[in-house]
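# Structure at a glance
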Amino acid sequence: MKRQYKTTGDFGIGNMIHVIHMSDDVNKLNEFYHRVFGAYGFMTVDVPSYLPPEDRWASLLMVGDVCIETMAPNFPVDVNKPVGKFYSKFGQHLHSVGYKVEDLSGLADRLLEKGVYIGKPGGGKIDKLDDETVYFYPSPRDTAGLMVELCKTDMPNDPKDHDEYTELMRLYAQHPMTIDRFSYVTLGVKDLDSAVATYVDIMQAVPIQDGIDDDMQCKYMTVQLGDCLLQLTQPLEMDSDLGRHVEKWGNCIYSLRWKVLDLDSAESWLNKQGVRTTRPRANLIACNVEDTLNAPMFFTNEEIPGDPFSKNA
């Protein structure tokens, strides 16, 4: 059965088409996701694809119900291109997310009316979206630090759009990682109230849950943006991993979190694959970023109150 996408807002922000993990070597990233998660590569995996406007290489892989786009800049790095500029600043790091939007022109008009800078593929400002432009990037300065690609086309050959999608998810549940589904992307921010206003008032995200996570030393608001959850988090202590990340990078994508069926199985498998782990609390696994190519990753069996994607919803 195909995935039935949920949308938010007046313009139909829907499928989160990918999360981008940036490195200097796409094949290195692909090997990691295949080996550790049993990732299913569905586009340009054996030979990564090159996109001239962005001067970068990439592949697409599924890890449960989320698509990871593994990406590297072309070398020598062109710092005048957005991908090269990001890599020159952040190096190996989580880069961005992407969404399919039903009415991209309408969303562009709304963002422009709200004073949001939107950029062309490959760089340059958009003052009015034309019919030929199929995707754009709002400036992270106006999205509380999140790099987000908004596009009007489906991801070609997206496994979520195939009848075999539910079978793929069944296979992931049987893998030693026992992935049930993707939980959320975490965005680390300096000012939670300001970030919430950006997403709720401008992006029309739906508030789900707020609170304080003592173990992660942060206060947060979890919102639904399209067919995914986004957790906005402000560190309460700068002497924490999230705090150090926010202090170093400012508002920026921080981590990925999955819900698993068997925490002990997942942790045992991660350790066998050379990924060191800790337990901030009994039902939360944190991976050592040195072993996950500098992408903080968490695994839990926790349910989120009010989660529209819960099987109990």
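Here, residues in each chain are numbered from 1, in the same order as that chain's written sequence. Reporting in this predicted model follows two pLDDT cut-offs: at least 70 for local features of residues, and 80 or more for side-chain atom pairs to be given and counted; totals over whole chains, interfaces and linings ignore these cut-offs and use all residues. As a rule here, side-chain values come from all non-hydrogen atoms in the structure, and water together with hydrogens is ignored.

With 85 residues, the main nonpolar core has F37, Y199 and F299 as its most contacted residues. Here a helix means four or more residues in a row that DSSP labels H or I, a strand means two or more in a row labelled E, and each is numbered from the N terminus. Element by element, the count of residues in this core is highest for strand β1 (residues 13-22), at six residues. Leaving out residues up to four positions away in the same chain, F37 has contacts with F32, V63, Y172, H175, M177, I179, M297 and F299. Residues enter a nonpolar core if they are buried and are Ala, Val, Leu, Ile, Met, Phe, Trp, Tyr or Cys, with the set joined through side-chain atoms within 4.5 Å. Burial classification: accessible surface area is computed with a 1.4 Å probe over protein chains only, and a residue below 20% of its type maximum counts as buried, one above 50% as exposed, and the rest as partly exposed. Counting eight residues, the second largest nonpolar core, distinct from the first, contains M216, L242, L284 and A286. Contacts were defined at the residue level, with two residues in contact if any of their heavy atoms lie within 4.5 Å.

The residue after F75, namely P76, is reached through a cis peptide bond having omega 0 degrees. Assignment of secondary structure puts P76 in the loop between β5 (66-73) and α2 (82-90). For N157, which is not a glycine, the phi torsion comes out positive at approximately 65 degrees. In this fold, N157 is placed in the loop between β10 (148-151) and α4 (165-174). Even without glycine at this site, L293 takes up a positive phi of about 55 degrees. Mapped onto the elements of the fold, L293 is located in the loop between β17 (284-287) and β18 (297-300).

Mapped onto the fold, D65 is located in the loop between β4 (56-63) and β5. In this structure the side chain of D65 is engaged in a polar contact, spanning 2.7 Å, whose partner is the backbone nitrogen of F182. In this structure D65 touches R3, K160, Y165, M169, R181 and F182, once residues within four positions along its chain are discounted. Here a polar contact is recorded for every N or O atom pair within 3.5 Å, except that within protein the pair must consist of a potential hydrogen donor and a potential acceptor, and residues adjacent in sequence are included only if both atoms are side-chain atoms.

Looking now at the pairing of β17. Across the two faces of β17 the burial is the same, with L284 and A286 and I285 and C287 all buried. Relative to β17, strand β16 (residues 277-281) is paired through three bridges, and the arrangement is antiparallel. Bridging from a neighbouring strand, T277 pairs with C287 of β17. In this scheme, strands are said to pair when DSSP sees at least two bridges between them. Linkage of β16 to β17, two consecutive antiparallel strands, is achieved through a turn of two residues. Where β17 meets β18, three bridges bridge the pair, whose relative direction is antiparallel. Bridge pairing links A286 to F298 in β18.

Here we come to the pattern of salt bridges. The salt bridge criterion pairs a side-chain nitrogen of Lys or Arg with a carboxyl oxygen of Asp or Glu, the two atoms within 4 Å. A complete count under the given rule lists 23 salt bridges for this structure. Residue D227 is joined to R3 by a salt bridge in which the shortest nitrogen-to-oxygen separation is 2.6 Å. Of this pair, D227 sits in the loop between β13 (218-224) and β14 (229-235) while R3 sits in the segment before β1, placing them 224 residues apart in sequence. In this pair, the class of D227 matches that of R3, namely buried. Across the pair R181 and D307 runs a salt bridge, and its minimum N-O distance is 2.5 Å. Of this pair, R181 sits in strand β11 (residues 179-188) while D307 sits in the segment after β18; the two residues are 126 residues apart in sequence, bridging distant segments of the chain. Of the two residues, R181 and D307, both sit in the buried class.

Worth remembering: the numbers are spatial, not functional.
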